[in-house]
Structure formats: C-alpha cells, structure tokens
Amino acid sequence: MATYKYFYSSAPEAEEQMLDDLFRVLKEHDLSEEDTNKFTLAVSEAFINALVHGNKQNSQKKIEVKLDLDEETLSAEIIDEGKEGLKQIWSRIEPPPLSESGRGIDLIRHYATTSQFTQTPSGGLKVTLSLARQVKQNISS
Amino acid sequence: MEEVMEITVREEGAVAILKLKGRLDLASGTALKEQVRKLLAKNISSVHMNLSEVEFINSSGLGAMVSVMKETRLKKGRLTLSNLATYVQEIFDITQLSHIFEIFPTEQDAMSSFQALAVR
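What you see is a predicted model, and the numbers here were worked out from it, not measured in a lab. (Residues numbered from 1 in each chain as written. Chains lettered and ligands numbered in written order. Predicted model: local features only at pLDDT ≥ 70, side-chain atom pairs only at ≥ 80, totals over all residues.)

## Brief notes about the pairing of strand S5 (residues 125–132) of chain A
Residue and element names in this part refer to chain A.
Moving on, step 1. In this sheet, S5 lies alongside strand S3 (residues 73–79) in antiparallel orientation, the contact comprising seven bridges. What sits directly across from Thr73, in S5, is Ala132.
Moving on, step 2. Relative to S5, strand S4 (residues 114–119) runs antiparallel, the two being bridged by six bridges. Across the sheet, residue Gln119 finds its bridge partner in S5, namely Leu125.
Moving on, step 3. Joining the antiparallel neighbours S4 and S5 is a turn of five residues, in which Gly123 adopts a positive phi near 100 degrees. (Pairing = 2+ DSSP bridges. Helix = DSSP H or I, 4+ residues; strand = E, 2+ residues; numbered from the N terminus.)

Following this line, the structure appears as structure tokens:
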C-alpha cells in the first residue's frame, strides 16, 4: 500500500496543483487509462466541492487530500474546513438542464465504486471514495 | 505549474472555431468563458469547439460550456462540439448534457451544419 497526503489552500489555482499531484502519483503506479480517468474525475469533483462549496475559496482554509493505492483498490479522502457540508449534500436537488453547476456529486457516485460523505468534528465535509482497479490484461504470449 | 489548457482560435465568417488542448476544469473553464465573451463582443455569433485534444474534463468544465452555450444563444447563435474522446462523451452522457449540446463526430460535420442552415 502506498499512501500520499497533501494539503492545499483553497485558492482557485489549488485545483491545478492537486491535479498535477494526482496525475503524477497515478502515473507512478502504472494504472490503466480507464482507472486513471475514473479516479481522477471522482477525486477532482470532491475537491471542487470542498474548494467552492465547503471552504468557499477562502485561501486561509485548507483542503486535505489523502490517497491510498494498492494492487486492488484506489482510495481517497478529501476533507474541507467548511460548515454544514453534509447538510448541503443531503439537501441538494437535481440541477436543471442548463445549470452551470450541481453535477459533481452525481459524477462521484457514478465513477467511484464506493463513496461516503461524513461530517468532521469541526463541521467540515469528508468525502471517502474508492475505485476497484481493473485487472490489467497480460498481452505477452 | 504549466499552462493546463491551450485554446487555438480561428474564425470562419460569424463562427469561431476553438481547438482546446489539455484540461478543462475550474480555472481553464473561466479562461474559456472569458475568451468566448471577447469573441462574441466582435462579429462572432456562433462557436464550435473541437475537443479532440481535451485530456480531462470535470463538472466545472461542463459548467463553462453550458455558460458558453447560453451566451451564444443570446447572440442568436449556436455552440457545437466535435471530436469527443470516448471518455469525454461518456461524461456528457452521464450528466445528460449530450441531449443539450449539439455534438458532431467531426469538426467538418459541425461546420457543414452551419453551412446547411445558412443556405436554407
């Protein structure tokens, strides 16, 4: 099992930093393109939720991203310092067709094998998600 | 940190053709909206986006595209998309945005649709 932990400020450019880190880690672990795409999207959506809705892009607030990778599963925890994040998750409604936001949680639920939303003791939101890795085909004869 | 989205623009009449390369996310989505706003302030009313080199898109990128579509509609124009990678097409399908956007297999198909409308 390989574990990585990162902390980001909630400035707008934090998303790019997080994606750079995530792509680098996934590349080191020789994942399939499909696993990379699914996991990156799910983590990215949780991160954007933390950045925009949780910490409201307050650069004084941190987002913690923890990644655990092993041969079978990719896991991530994304934790913000917002307030009542869990309440926002439960009270969300399906976005109208021309809405410019509101699709992230559905994408997490679609792409992650498991996803869990819990409240931290300080009121922030913790998103825990996992993806079962594809078995890579051995193409050598 | 490197530039994550490169946008190449060319104009054919009232249509701006944008070729996007890289990641379409929160920051690059904002840059995309700004670029399109500048184009629509000129003699451009419609936008075509060739997504063949989009490596990553998330809901923030989708939101930027919805915003661009609304802006083009305000100018009585259209937003068309083409050359979506399978993975990108799947995200449009899951979010049901493939029913909202005009998506063509190729840029040429999209541009032909503009010409077909023009001769009617």
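Right, picking up where we left off after that structure.
## Observations concerning the interface of chain A and chain B
Moving on, step 1. Taken together, the contacts link 21 residues of chain A with 19 residues of chain B.
Moving on, step 2. Looking at the side of chain A that touches chain B, the elements with two or more residues in it are helix H1 (14–28), helix H2 (33–54) and helix H4 (104–111) of chain A.
Moving on, step 3. Top contributing element to the side of chain A that touches chain B by residue count: H2 of chain A, with six residues.
Moving on, step 4. Of the residues contributing to the side of chain A that touches chain B, the split by class is seven nonpolar, seven polar and seven charged. (Contact = placed C-beta atoms within 7 Å. Nonpolar A, V, L, I, M, F, W, Y, C, P; charged D, E, K, R; others polar.)

## Digging into the sheet that holds strand S4 (residues 79–82) of chain B
Residues and elements named next belong to chain B.
Moving on, step 1. As summarised here, the arrangement of the five strands in space is S1-S2-S3-S4-S5, forming an open sheet in which the pairing is mixed. Two strands in the sheet have a free side with no partner beyond their single neighbour: strand S1 (5–12) and strand S5 (102–104). Between one strand axis and the next, the sheet turns by 25 degrees as a mean value, whatever way the strands run.
Moving on, step 2. In this sheet, S4 lies alongside strand S3 (residues 46–57) in parallel orientation, the contact comprising four bridges. Looking across to S4, one finds that Asn50 is bridged to Ser82.
Moving on, step 3. Across the sheet, helix H1 (residues 26–40) touches S1, strand S2 (15–24) and S3, and the angle it forms with S2 is around 170 degrees. (Axes fitted to C-alpha atoms, helices over the stretch in contact; angles between N-to-C directions.)

## Considerations on the pairing of S4 of chain B
All names here are of chain B.
Moving on, step 1. Going residue by residue along S4, you find Leu79 and Leu81 tucked away on one face and Thr80 and Ser82 tucked away on the opposite face as well.
Moving on, step 2. Running through helix H2 (residues 59–74), the crossover from S3 to the neighbouring parallel element S4 is right-handed.
Moving on, step 3. One ladder, built from three bridges, connects S4 with S5; its direction is parallel. Across the sheet, residue Ser82 finds its bridge partner in S5, namely Phe104.
Moving on, step 4. Since S4 and S5 lie parallel, the crossover through helix H3 (residues 86–94) that links them has a hand, and here it is right-handed. (Buried ≥ 20, exposed ≤ 12 C-beta atoms within 10 Å, placed from the backbone. Right-handed = clockwise from strand over helix to strand, strands pointing away.)

Purely geometric numbers; function is a separate question.
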